[in-house]
Amino acid sequence: PVKAVADKIADALHGDAPTDGPEGGVPGKPAPVSPQLVEPTQPVEPLPPKADQSGPETVSPTGQPTGADQARMAQSGAYLTTAQGVRVHDSDHSLKAGPRGPVLLQDHHLREKIMHFDHERIPERVVHARGSAAHGVFQSYGTAQAVTKAAFLARDAETPVFVRFSTVLGSRGSADTVRDTRGFATKFYTEEGVFDLVGNNIPVFFIQDAIKFPDIIHAGKPHPDREIPQAQSAHDTFWDFVSLHTEATHHTLWNMSDRGIPRSYRMMEGFGVHTFRLVNAQGVTTLVKFHWKPKLGVHSLVWEEAQILAGVDPDFHRRDLFDAIECGAFPQWELGIQTFPDTDDQMFEGIDLLDSTKIVPEELAPVQPIGLLTLNANPSNFFAEVEQVAFHTGHLVPGIDATDDPLLAGRNFSYLDTQLTRLGGPNFPQLPINRTHAPVNDMQRDGMHQTAVHRGVAPYKPNSLDGGCPFFAGADAGAFIEVPVEVPAGRKVREAPASYSDHFSQPRMFWLSMTPVEREHIIAAYTFELAKCYEQAVKERTLGVLANIDPELCAQVAVGLGLPAPAATEPLVDVRPSPALSQIGRTWPLDGRVIGIVTDQALDVAGVREVREAVLDAGLVPLVVAPAGGVLGADGEPVTVQRTFATARSVEFDALVFVGVPGAGADAYGARDAKAGAPRSPVSDPRVLALLTEAYQHGKALAGWGGAEALFEAAGISVGDPGVIVTDGGRGMPQLLELLSAHRVWERFPAAM
Ligand code: HDE
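For clarity, every value in this text was computed on a predicted model and none was experimentally measured. (Residues numbered from 1 in each chain as written. Predicted model: local features only at pLDDT ≥ 70, side-chain atom pairs only at ≥ 80, totals over all residues.)

**A closer look at the domain arrangement of the protein chain**
Then, in step 1: According to the domain assignment, the protein chain consists of domain 1 (131-249 + 266-434), domain 2 (502-581) and domain 3 (594-752).
Then, in step 2: With centres defined by C-alpha atoms, the gap from domain 2 to domain 3 works out at 39 Å.
Then, in step 3: Facing the 4 residues of domain 2 at the interface are 5 residues of domain 3. (Domains from an automatic or database assignment. Contact = placed C-beta atoms within 7 Å.)

As structure tokens, this is what we get:
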């Protein structure tokens, strides 16, 4: 279904016609200039807005104005004006006393322009600063009706949403592919008000009580003296904290697993983490945990790929999400709930539901699907939407309520508080992206950046002057009424329940649920991170923690660090693995995956066309890689080159197809890269060999035809090796796609042999 779509991404995003960009144009000829790119000198009718320039919704699906002003769309009028609407004559020169004279204080346009620029930045989020987001729609299945009265979960209800994904530790400009937890925050604009599900891609958290949040974040952020390292946990302060504060063990283990380096935001699970309380129309309550299940499956990068990508394409996840949506390969997740009886002890099968360092295995409580999320529109303005969106765990609607998880309680305080600073005052709910689509009739008044012009004289209750308006609603009129649950009475204490002190049974369950390849990745991740620490005591203490998860894990990491493996200090818990936790062993749809076709001018262009078509037909994105930019195939329909040997790196692709031996012989280097006397590989351009070997090491499917065997051999790869196929042009594609549907050729990883 996404063929047209993938075609669009391959052509529209990467250029379907020669351009004068860095990788376009027919070699040797000046690139044609598109008429639209010539700057007009006289006022002309503005260009019609592009699809991605449409402003935010002005009217909600229920007919309520959202407050957004479409007319303020940028670059839409004929004349430039000041902020006061006065037409501007010249915005390129300051007002001066003569061309070489001093600038005059009288120049209001200069002052206004620079003053505004000086204040364009707002404080970045203290955590989750780096993120990207998209608009979409949530289609309810109605299957949760028995447990909740929330109207947006009723059968056939469709609700607009905005979803922001993020890393936690890095600054706004940090790389996407770092090892970290990912945020997965969803704003549902329901008819009953906004509901925010502010989750992560990891179902547990480092701490059980919000009062520890500043501690874990201070430990994970860069060292206060040098402000390094950026966006990663591979440093002393992080490991110092998590080895002392062992309730962090479970979350840390997830971070060290492949979950810490997702392939794409589109291929991550999401979790509400805390247990929430649902209430149905009869007032019956059920405890639940929320899960987002991606239609494309859960997939990860390998660590070396993640590291290379951080340099080659720091925006890898942002680009992947934007491109997929732009080309119509809309990412989808099913929302599901695990349900538990709302008992007095709030335990399920011995698991404390109020402890956010614990999961409930899906084998004990299956995830029941309740609706489908589809992301179908990119933001039109990153700042207005992605930067200014303000999520809050306290944004609940009738039918969904909080529990007494102390982590959740702290969050309910924190999000309002942080937004007050970040968004500069209390009126951020009025920003277009934050506006509820339900009617607002509150009595908040004034404050910084107030945009409403309120009428009436009595913003207080009780009043008679405004006719007593507005009135309170009862449950029958859709009011949010907290569930009147019994609160256990007790002494005021700074203590945690006894069940919170089990820090190792669930990390052990996670470890035992992993396949050998996944375990190997975990061992490598711990070894890498700890080897980056300077303090011997921190490494030794962490090995002690690992011994309490599993002696083999501890022993292997100890070998890598060159340290003795300590014995466990706590008895190893006898736990049953949860196969649902492993990412390996199934096959998945491939929408929007990227296939590189590596060729050069002299090779089989007709074959390239055929493979391109086959890839597009399967809803994937083909990118043609050749020695130089431009087009191939002067004799037939031209094929645009999207990457050159100088810019392509294997980490961008999910699989590679080689046509013969690209870059062999005298034409091995594109003219731009030719170096006098540079050594030529007898077989191929060394950059092509690097593409091939790197992709092989990362377990990617490889195909070739037209004599590509010689290239494979030069890289030490045999055609009989796992995941290496000789195709017959496009006809070999089904085999390649089958390999790809398992995400990687797992047999190539030593642990799987
Ligand atoms: Fe957050 N968290 N958090 N968090 N969190 C923020 O709010 C906080 C926690 C999560 O895309 C902040 O607006 C505390 C768990 C996401 O805009 C801040 C505690 C989970 C996002 C804050 C937690 C999350 C945030 C910073 C411990 C997963 C990004 C900016 C009790 C369930 C939202 C902001 C976005 C952002 C506080 C723990 C997820 C400071 C005190 C657990 C996805 O308020």
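Next comes the rest of the description.
**Describing unusual backbone geometry**
Then, in step 1: With an omega of -5°, the peptide bond between I228 and P229 qualifies as cis.
Then, in step 2: Among the structural elements, P229 can be located in the loop between helix 3 (213-220) and helix 4 (236-244).
Then, in step 3: Here the amide bond leading from K461 into P462 is cis, since omega sits at -5°, within 30 degrees of zero.
Then, in step 4: Structurally, P462 can be placed in the loop between helix 9 (406-422) and helix 10 (505-513).
Then, in step 5: Positive phi outside glycine occurs at A231, with the angle close to 60°.
Then, in step 6: Tracing the chain through its elements places A231 in the loop between helix 3 and helix 4.
Then, in step 7: For A231, a count of 24 C-beta atoms within 10 Å gives the class buried. (Helix = DSSP H or I, 4+ residues; strand = E, 2+ residues; numbered from the N terminus. Buried ≥ 20, exposed ≤ 12 C-beta atoms within 10 Å, placed from the backbone.)

**Re the nonpolar core**
A general trend in soluble globular proteins is that nonpolar side chains are found buried together.
Then, in step 1: Judged by nonpolar contacts, the single largest core of 100 residues is most densely connected at V163, Y526, L546, L553 and V557.
Then, in step 2: Per-element tally for this core: the top contributor is helix 12 (residues 536-549), with 6 residues.
Then, in step 3: Beyond its immediate stretch of four places on either side in the chain, L553 contacts W511, I522, I523 and L546. (Core = buried A, V, L, I, M, F, W, Y, C linked by C-beta atoms within 7 Å.)

**Re the sheet that holds strand 20 (residues 724-726)**
Then, in step 1: Strand order in the open sheet made by the 6 strands is 17-14-13-18-19-20, with parallel pairing throughout. Two strands in the sheet have a free side with no partner beyond their single neighbour: strand 17 (643-644) and strand 20.
Then, in step 2: As paired strands, strand 19 (residues 701-705) and strand 20 are joined by 3 bridges and run parallel to one another. In the sheet register, A703 faces strand 20, and the bridge partner there is I725.
Then, in step 3: Lying on the sheet, helix 14 (residues 605-617) is in contact with strand 13 (594-598), strand 14 (621-626), strand 18 (655-659) and strand 19; it crosses strand 14 at an angle near 155°.
Then, in step 4: Sitting on the sheet, helix 15 (residues 686-697) touches strand 13, strand 18 and strand 19, and the angle it makes with strand 18 is about 145°. (Pairing = 2+ DSSP bridges. Axes fitted to C-alpha atoms, helices over the stretch in contact; angles between N-to-C directions.)

**With respect to the pairing of strand 2 (residues 158-167)**
Note on strand geometry: in a regular strand, side chains alternate between the two faces of the sheet.
Then, in step 1: Counting buried positions along strand 2 yields 8 of 10 residues, so the element is predominantly enclosed.
Then, in step 2: Here strand 1 (residues 131-140) pairs with strand 2 via 9 bridges, running antiparallel. Counterpart to V137 in the pairing with strand 2 is P160.
Then, in step 3: As defined by bridge partners, strand 2 adjoins strand 3 (residues 182-190) across 7 bridges and the pair is classed as antiparallel. Note on strand 3: the bridge partner recorded for S166 is G183.

**Remarks on the confidence of the model for the protein chain**
Then, in step 1: Predicted confidence across the protein chain gives a mean pLDDT of 90, with 88% of residues reaching 70 or more.
Then, in step 2: Long-range and interchain partners of residues 12-30, a stretch whose pLDDT sits below 50, account for 39 contacts in this model, where long-range means more than four residues apart.
Then, in step 3: Within the model, the stretch residues 666-674 combines pLDDT values under 50 with 18 contacts to residues more than four positions away or in other chains.
Then, in step 4: Among the scores for the predicted complex, ipTM is 0.96 and pTM is 0.92. (pLDDT = per-residue confidence, 0-100.)

**What to know about the pairing of strand 13**
Then, in step 1: The buried count for strand 13 comes to 4 of 5 residues, which makes it a mostly enclosed element.
Then, in step 2: Across 5 bridges, the pairing between strand 13 and strand 14 is parallel. For V598, the partnering residue across the bridge sits in strand 14 and is V625.
Then, in step 3: Of the crossover connections in this fold, the one passing from strand 13 over helix 14 to the parallel strand 14 is right-handed.
Then, in step 4: Judged from the 4 bridges that link them, strand 13 and strand 18 form a sheet pairing that is parallel. Among the inter-strand pairings, V598 is bridged to a residue of strand 18, identified as F658. (Right-handed = clockwise from strand over helix to strand, strands pointing away.)

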